[in-house]
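# Observations on chain architecture
Each chain is listed here by its residues.
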Amino acid sequence: MRLIIVIVGIVVGALVGILMGSFLSTITTLRNPFFISLLLCMIIGACLGSLIAKLIFGRRSARIPRFKHLPAGCDEFVKLILRNMRYRREVRADVGTELAGHFEDKLKDCKSDQERQEKVQQLIENFGDAKLLGVLLRRAKKRCRPLWRTIVARMTQAIVIIFVCLIFYIVWFFSGKPSVTTDYIAELNRLVQPEAAESMNAAPLYHKAAKMYEDLPKEISALLGKRYYEATEEDKQRIKICLNEHNDVLKLVVEGTKKPYYWRNYEGDPNSRSVLSILLPHLSEIRKLMYSLCWRANLFVDEGMYDKAFEDLKACYRLGQHLKGDKTFIEQLLGMAIEALSASTIRDILNQRQIEATILAQLQQDLEQMISGEDFIMNLKFEKLCMYDEIQRCFTDDRFGGGHLYLPRLQPISGLTGSKAIESYILDRLWMAPIHFLFTHPNKLETKQMADDYYAFGEDMAGKSPAQIRAEGIDVEKETAEMIKKNILLNILAPAFGKVHEISYRNKADTEATLVIIAMSRYRQDVGTYPEKMEALITAGYLKQLPMDPWSDKPLVYKKTDDGFMLYGVGSNFKDDSGEAARGDKGRVKKYADEGDWVFWPVQR
């Protein structure tokens, strides 16, 4: 019998473990928590089963006597009192023994059965109502019991009440459903579309050009991804033939870059209308177009057609600008990459060729005009609306408690974003995670406020250069992690502001450094030598302003050398390494590494 009780405890523990494991599996793809929960709950069930068996069999040792030696009326009266006590078996057994002893003492002097029966009747009448007596005895025994028994009894009662309430709470928790009240895809489309006619939109031209590129062989697409100086002569000839055959494609692209605006109509899954379901297939098309422009520019350079080469590179830069602004993070990052590719290609050309000063002057003038109103800071509006959309999908309606987490939504969004936040959280706090999700996690209203604070902090940091952030002693990653550490949804979706803004300032320095290099080449052709100091470019009218290094808040470092000059920034280690760039194992430059300087000139490879 004891073994059966222990087995029942193990089975109940297994059921609890399965419930706990299923709960964790609802919000994560991890398998370990399920089996760990199952094993631990089975062990706890075995322990509880053993304890229950001990208590049961311990109580059975204290049997209530049958009182056969008492007269019939007296025996029934004692049993009735004990039944009305409704108390522990061992206590009732003691009370029964005491009552039986009392009756025996009173009846021992009776000489006849009639006298005994009369005495019994008198005693029963003196005792009074059996039900009331049972209640009074129970109360007396409770007052007289040891303190530890009172504590255990109250704790047991509290546990039972809490357990029942927990069951009702869990049923209530999982019965909640989110309510999607706002179509944020429509909001995003309103955000990105300016008040302009469709004829001013570059997107249709880019899309048409990409459609004409659909028959491009895979090997050609792969070659386009190579840098020009890495390609063989055979590769160059193959690309040249391909681009000549698709001249109409690039003509459309260049025409599109001259449009003042670029916007697309974002479309998500028609069933869910979730912002996270928005697909961006046009980005792979854009990459092909930008590579093609840079390749054709290099081919024009080989043929001495510098004007056409720089027209293509300026078009490439404008293409990157079109992807910035009120767009997704991915689009903005691609836009910055396109701008950086255009700038680095210009520097490669200047490193290999002697370009006429008049051509360079026009190139510099056009670039300065293009970036005069450009905001290099990453825009957060799109991502903030995306967060709002997921808040309405990951929290229930504003029931009691302000709307709580809707757990079945967490795992899908983790899969869409590739985030490991849920797994990391659960592995770190295996048993505390369910408690946090069920009871202490910020509700819907609190999460929205946390998101507002988070993005406000991000916008504030975006206005500070890395040097300013360091001077103020701000650890962006630590502070943002602290702001959202208790909110699993924000941990999944919130961007890492430190890295994002670093890319923004890096892109700004890259473009401004390219303008300086163009001005340096013009100055040397006109004067015959490079200036001793960069400020001479401004004095002579070759440059409007000095390029700033965001990691020092000082101008980029300029050094005149015997055979040219150096132009570099101190990089993210905030230390001047005398123009020494970081290199990898194979001796190649590690661009924008955490160590070494970021060298813009001479061209590093």
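Residues numbered from 1 in each chain as written. Predicted model: local features only at pLDDT ≥ 70, side-chain atom pairs only at ≥ 80, totals over all residues. Heavy atoms only, no water.

## Examining the confidence of the model for the protein
Let me state the cut-off plainly: Confidence scores per residue from the predictor, reported as pLDDT, run from 0 to 100. Numbering goes from the N terminus for both helices and strands, where a helix is a DSSP run of H or I of at least four residues and a strand is a run of E of at least two. Working rule for contacts: check all heavy atoms of both residues, and any pair within 4.5 Å makes them a contact.
On average, residues of the protein carry a pLDDT of 82, and 84% of them reach 70 or more. The least confident element of the protein, judged by mean pLDDT, is helix 2 (residues 32-60) at 54; the most confident is helix 14 (residues 306-322) at 95. Every residue in residues 57-62 scores below 50 in pLDDT, and together they form nine contacts with partners more than four places removed in sequence or on other chains.

## Details of the packing of helix 21 (residues 444-462) against helix 23 (residues 476-484)
Rules: A fitted line through C-alpha atoms serves as each axis, taken over the contacting stretch for helices, and the angle formed by two N-to-C directions is quoted from 0 to 180°. Angular relationships are summarised with four words: roughly parallel below 35 degrees, roughly antiparallel beyond 145, roughly perpendicular across 65 to 115, and oblique for the angles in between.
Here helix 21 crosses helix 23 at 170 degrees, and the two axes come no closer than 10 Å. Viewed along their axes, helix 21 and helix 23 adopt a mutual orientation that is roughly antiparallel. Along the contact surface, helix 21 presents Met450, Asp453, Tyr454, Phe457 and Met461, while helix 23 presents Val476, Glu479, Thr480, Met483 and Ile484.

## Considering the side chain of glutamate 390
Quick reminder of the rule: Burial status follows relative accessibility: with a 1.4 Å probe on protein chains alone, a residue under 20% of its type maximum counts as buried, one over 50% as exposed, and anything between as partly exposed. Between N or O atoms, a polar contact is any pair within 3.5 Å; within protein, one atom must be a potential hydrogen donor and the other a potential acceptor, and residues adjacent in sequence are included only when both atoms are from side chains.
Secondary-structure assignment places glutamate 390 in helix 17 (residues 381-394). Here glutamate 390 falls in the buried class, since its relative accessible area comes to 0%. One polar contact links glutamate 390 to serine 274, side chain to side chain, over a distance of 3.3 Å. If we ignore the near neighbours within four places in the chain, the residues touching glutamate 390 are Ser274, Leu276, Arg409, Ile413, Leu489 and Leu493.

## Remarks on the layout of surface pockets
Which parts of space are left empty comes out when a probe the size of a water molecule is rolled across the atoms. How we decide: Using only the protein atoms, space was sampled on a 1 Å grid; points where a 1.4 Å probe fits but cannot get out form cavities, open sets with protein on both sides within 12 Å along at least five of seven lines form pockets, and lining residues are those with an atom within 4 Å of a point. Grid points are joined across faces, edges and corners, and a volume is the space filled by probe spheres set on the points. Under the scheme applied, nonpolar residues are Ala, Val, Leu, Ile, Met, Phe, Trp, Tyr, Cys and Pro; charged residues are Asp, Glu, Lys and Arg; polar residues are all the others, including Gly.
The computed volume of the second largest pocket comes to approximately 710 Å³. For the second largest pocket, the lining is made up of 30 residues, of which Arg227, Ser344, Arg347, Lys591 and Tyr592 are closest to its centre. Taken together, the elements giving at least two residues each to the lining of the second largest pocket come down to helix 15 (329-352), helix 25 (497-527) and strand 5 (598-601). Looking at which element gives the most residues to the lining of the second largest pocket, the answer is helix 15, with eight residues. Residue composition of the lining of the second largest pocket, grouped by class: 16 nonpolar, three polar and eleven charged.

## Looking at the packing of aromatic side chains
Threshold: Two rings from Phe, Tyr or Trp (for Trp, the six-membered ring) form a pair when their centres sit within 6.5 Å of each other. Planes less than 30 degrees apart are called stacked, planes more than 60 degrees apart edge-to-face, and all others tilted.
What the rule picks out here adds up to 14 aromatic pairs. Between the aromatic rings of tyrosine 169 and phenylalanine 173, the centroid separation amounts to 6.0 Å while the plane-to-plane angle is 45 degrees, which identifies the pairing as tilted. One end of the pair is tyrosine 169 and the other is phenylalanine 173, both in helix 7 (residues 147-175) and four residues apart, which spans about a single turn. The exposure class of tyrosine 169 is partly exposed, given its relative accessible area of 23%. Taking the centre distance of 5.4 Å and the plane angle of 70 degrees together, the rings of tyrosine 523 and tyrosine 542 count as edge-to-face. Note that tyrosine 523 is positioned in helix 25 and tyrosine 542 in the loop between helix 26 (535-539) and strand 1 (548-549), a separation of 19 residues in sequence. Each member of the pair tyrosine 523 and tyrosine 542 is classed as buried.

## Details of a nonpolar patch on the surface
Put simply, the rule is: The patches described consist of residues with a relative accessible area above 30% and no salt bridge, like charges being joined within 9 Å and nonpolar side chains (Val, Leu, Ile, Met, Phe, Trp, Tyr) within 5 Å. Working definition of accessibility: Shrake-Rupley area with a 1.4 Å probe, residue cover restricted to the visible protein chains. Any carboxyl oxygen of Asp or Glu within 4 Å of a side-chain nitrogen of Lys or Arg constitutes a salt bridge here.
On the surface, Phe163, Val164, Ile167, Phe168 and Val171 cluster together to form a nonpolar patch covering roughly 510 Å² of accessible area. In this structure, valine 164 sits in helix 7. For valine 164, a relative accessible area of 37% corresponds to the partly exposed category.

## Observations regarding the pairing of strand 3 (residues 557-561)
Definition in use: When DSSP finds at least two bridges between two strands, those strands are taken to pair.
Of the pairings in the sheet, the one linking strand 3 to strand 4 (residues 564-569) comprises five bridges and is antiparallel in character. The partner of valine 557 across the bridge, within strand 4, is tyrosine 568.

## Quick word on empty space enclosed by the protein
Under the definition given, this model contains three cavities of 30 Å³ or more. Looking at the largest cavity, the residues that line it are Arg506, Ala509, Asp549, Pro550, Trp551, Leu556, Gly569, Val570, Gly571, Tyr592, Trp598 and Phe600. If you list the elements that add at least two residues to the lining of the largest cavity, you get helix 25 and strand 5. A per-class count over the lining of the largest cavity returns eight nonpolar, two polar and two charged.

## Some points on the environment of leucine 289
Turning to its location among the elements, leucine 289 is positioned in helix 13 (residues 282-302). The class for leucine 289 is buried, based on a relative accessible area of 0%. In sequence terms leucine 289 and leucine 224 are 65 residues apart; their C-alpha atoms lie 9.4 Å from each other.

## Looking at the nonpolar core
In globular proteins that are soluble, nonpolar side chains generally tend to be buried together. The cut-off we apply is this: Buried Ala, Val, Leu, Ile, Met, Phe, Trp, Tyr and Cys residues that are joined via side-chain atoms within 4.5 Å together make up what is termed a nonpolar core.
Counting 130 residues, the largest nonpolar core has Leu537 and Leu567 as the members making the most contacts within it. The element that contributes the greatest number of residues to this core is helix 25, accounting for twelve residues. Once residues within four sequence positions are removed from consideration, leucine 567 is found in contact with Ala513, Val516, Ile517, Met534, Leu556, Val557, Tyr558, Trp598, Val599, Phe600 and Trp601. With 20 residues, the next largest nonpolar core counts Cys74, Tyr87, Val91 and Leu107 among its residues.

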